[in-house]
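Summary of the model geometry
These are the residues of each chain, in order.
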2 protein chains.
Amino acid sequence: MEIKVLKDILSANNQIAERNRQLLDSNNVFAVNLMSSPGAGKTSLILETLKKLKGKTRIGVIEGDIRSSLDAEIIGKEGVPVIQINTGGECHLDASMTYSALGNMPLQDIELLLIENVGNLVCPAEFAIGEHKKVLISSIPEGDDKPFKYPLMFQKVDAVLINKIDLLPYLKFDIQGFSQAVRGINEKVGIFPISCTTGQGIQEWVSWLLTQMSRR
Amino acid sequence: MEIKVLKDILSANNQIAERNRQLLDSNNVFAVNLMSSPGAGKTSLILETLKKLKGKTRIGVIEGDIRSSLDAEIIGKEGVPVIQINTGGECHLDASMTYSALGNMPLQDIELLLIENVGNLVCPAEFAIGEHKKVLISSIPEGDDKPFKYPLMFQKVDAVLINKIDLLPYLKFDIQGFSQAVRGINEKVGIFPISCTTGQGIQEWVSWLLTQMSRR
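Residues numbered from 1 in each chain as written. Chains lettered and ligands numbered in written order. Predicted model: local features only at pLDDT ≥ 70, side-chain atom pairs only at ≥ 80, totals over all residues. Heavy atoms only, no water.

Remarks on the interface of chain B and chain A
Each side of the interface is counted separately: chain B has 32 residues, and chain A has 32 residues. In this assembly, chain B packs against chain A so that about 2,600 Å² is buried in total across both faces, 66% of it on carbon and sulfur atoms. Area buried by chain B at its contact with chain A is led by B:Pro38, B:Lys149 and B:Tyr170, which between them contribute 21% of it. At the boundary of chain B with chain A, the tally comes to two salt bridges. Across the salt bridge formed by A:Lys149 and B:Asp71, the nearest N and O atoms sit 2.6 Å from each other. Linking chain B to chain A there are six residue pairs in polar contact (both at pLDDT 80 or more). (Contact = heavy atoms within 4.5 Å. Buried area = accessible area lost by both parts, 1.4 Å probe. Salt bridge = Lys/Arg side-chain N within 4 Å of Asp/Glu carboxyl O. Polar contact = N/O pair within 3.5 Å; in protein donor to acceptor, adjacent residues only side chain to side chain.)

As for the relation of the copies chain B and chain A
You can overlay chain B on chain A at an RMSD of 0.0 Å; the transform is a turn of 180 degrees with a shift of 0.0 Å along its axis. Expressed as a symmetry operation, the mapping of one chain copy onto the other fits a two-fold axis. A shared interface surface links the copies, since 100% of the contact residues of chain B are contact residues in chain A too. (Least-squares fit on C-alpha atoms with pLDDT ≥ 70 in both.)

Comments concerning empty space enclosed by the protein
Within the structure shown, the criterion is met by one cavity of 30 Å³ or more. Considering only enclosed or pocket space, the largest cavity measures out at about 70 Å³ in volume. Along its surface, the largest cavity is lined by 16 residues, and A:Pro38, A:Glu142, B:Pro38, B:Ser139 and B:Glu142 are the ones closest to its centre. For the lining of the largest cavity, a count of residues per class yields six nonpolar, six polar and four charged. (1 Å grid on protein atoms, 1.4 Å probe; cavity = no way out; pocket = protein on both sides within 12 Å on 5 of 7 lines; lining within 4 Å. Points joined across faces, edges and corners; volume = space filled by probe spheres on them. Nonpolar A, V, L, I, M, F, W, Y, C, P; charged D, E, K, R; others polar.)

Details of the layout of surface pockets
A volume near 1,400 Å³ is recorded for the largest pocket. Looking at the largest pocket, it is lined by 48 residues, and the ones nearest its centre are A:Ile9, A:Glu90, A:Cys91, A:His92 and B:Leu6. For the lining of the largest pocket, the secondary-structure elements that each account for two or more residues are helix H1 (2–26) and helix H4 (95–103) of chain A together with helix H1 (2–26), helix H4 (95–103) and helix H6 (151–156) of chain B. When the residues that make up the lining of the largest pocket are grouped by side-chain class, the tally is 28 nonpolar, 11 polar and nine charged. (Helix = DSSP H or I, 4+ residues; strand = E, 2+ residues; numbered from the N terminus.)

What to know about the sheet that holds strand S3 (residues 82–86) of chain B
Residue and element names in this part refer to chain B. Spatially, seven strands are ordered S3-S2-S4-S1-S5-S6-S7 in an open sheet, and the strand pairing comes out parallel. Single-partner strands in this sheet number two, and they are S3 and strand S7 (190–193). In this sheet, adjacent strand axes meet at a mean angle of 20 degrees when their direction is disregarded. Across five bridges, the pairing between strand S2 (residues 59–65) and S3 is parallel. Note that in S3 the partner of Asp65 across the bridge is Asn86. Of the strands in this sheet, S2, S3 and strand S4 (112–116) touch H4, which is tilted by about 150 degrees from S3. Strands in contact with helix H7 (residues 175–185) are strand S5 (133–139), strand S6 (159–163) and S7; relative to S6, the strand with the most contacts, it is inclined by about 160 degrees. (Pairing = 2+ DSSP bridges. Axes fitted to C-alpha atoms, helices over the stretch in contact; angles between N-to-C directions.)

Brief notes about the pattern of salt bridges
This model, assessed by the stated rule, comprises 14 salt bridges over all chains. The salt bridge partner of A:Lys51 is A:Glu48, with a shortest N-O separation of 3.2 Å. Here A:Lys51 and its partner A:Glu48 are both found in helix H2 (residues 42–53), three residues apart, which amounts to about one turn of the helix. Using a relative accessible area of 13% as the deciding quantity, one classes A:Glu48 as buried. One salt-bridge network, in which partners are shared between bridges, spans A:Asp71, B:Asp145, B:Lys146 and B:Lys149. (Buried < 20%, exposed > 50% of the residue type's maximum accessible area, 1.4 Å probe, protein only.)

A few points about the sheet that holds strand S6 (residues 159–163) of chain A
Residue and element names in this part refer to chain A. A sheet is described by the order of its strands in space; here seven strands give the open sequence S3-S2-S4-S1-S5-S6-S7, paired in parallel fashion. Across the chains shown, the open sheet's two edge strands, defined by having one partner strand only, are strand S3 (82–86) and strand S7 (190–193). For this sheet, the mean angle separating the axes of adjacent strands, direction not counted, is 20 degrees. Here S6 pairs with S7 via four bridges, running parallel. Following the sheet pairing, Ile162 is matched in S7 by Pro193. The sheet strands contacting H4 are strand S2 (59–65), S3 and strand S4 (112–116), and the helix crosses S3 at an angle near 150 degrees.

Structure, rendered in structure tokens:
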């Protein structure tokens, strides 16, 4: 019974996600669903991406949080359109919430939409929101065992960023072992070690992103 | 309709949690539900707690993970009874899974049961599992804004540990501001800065734990 309910919810969600996708495509907007644990660096990555693409690519941002508009306020200072979604308790963005946010986003004025999901390694992996690509931000302090513990998330994404590599001198994290574990679950995924603090690896991430946009 | 289903699920869960609590009480076992983001240090805290209480308090451990038994294997080496729960996709432990694990735990041989929940700052806060106390492990790399973004979790717990304080020289984290934000949500919560790497603050945490056990 519970499983039936979940299937119905996911099926309804997928239909709305499909509608979102059509809306994005008809406006030539490429959308990326950014997911991670709490505090892995989604907002910092958006800020670094905005910096690199300033004057080159017109970007909009949707900020998903259970509560608060802290991140939307930070992003808003960068002078790009930003819409806050507060899920009001829900542990993930769904397609319907995203649809409402898209209605308030000036889609005709942007080419790239970065959507920051709720900080959670589990539930967001199950809900399509109409995005073209799914990206996961892992981070050094979380430890290198996460692919074994949260396999669905690693399986579903198109790229894995390993953030906070500036902390490698102070923490145990086997980047090679981690990457092998990720590739064991998801053979073709892009893996990018980065630091939003030092800027290391951000160029490679942005190049990947632009390549994906151009291939659409 | 969705809300009705969720209410039914939570109500059924609470009934089983109550049964778990009676089972624990009838065996004089004090149970703690340990929650955190992925990689904040739940397993490390259990290891440090086992070290401090070795020969003093008889401890059992339940390890909750979506998949894998990595943490249970680590804890098992310490020579304490450990039961692994694999939720098979579910983003939190519920009372029913916990009931099954309790059936395999030698309750008559232990006084303290440490239950490591799935790494997630959202969903575990909603599901009682029969525990006497709920404890949240925050960590320095996650950032000090989490109480504003995940208020339910901070509201529900009896203690907040701030782990990885050995990383304070390398990261921005305002402990005083964080503590004020936590107290704004949950006035009476215990707050303990700790490091499972250096051992700092572990004695204070263990003292709090023993006091809670003695007050039961």
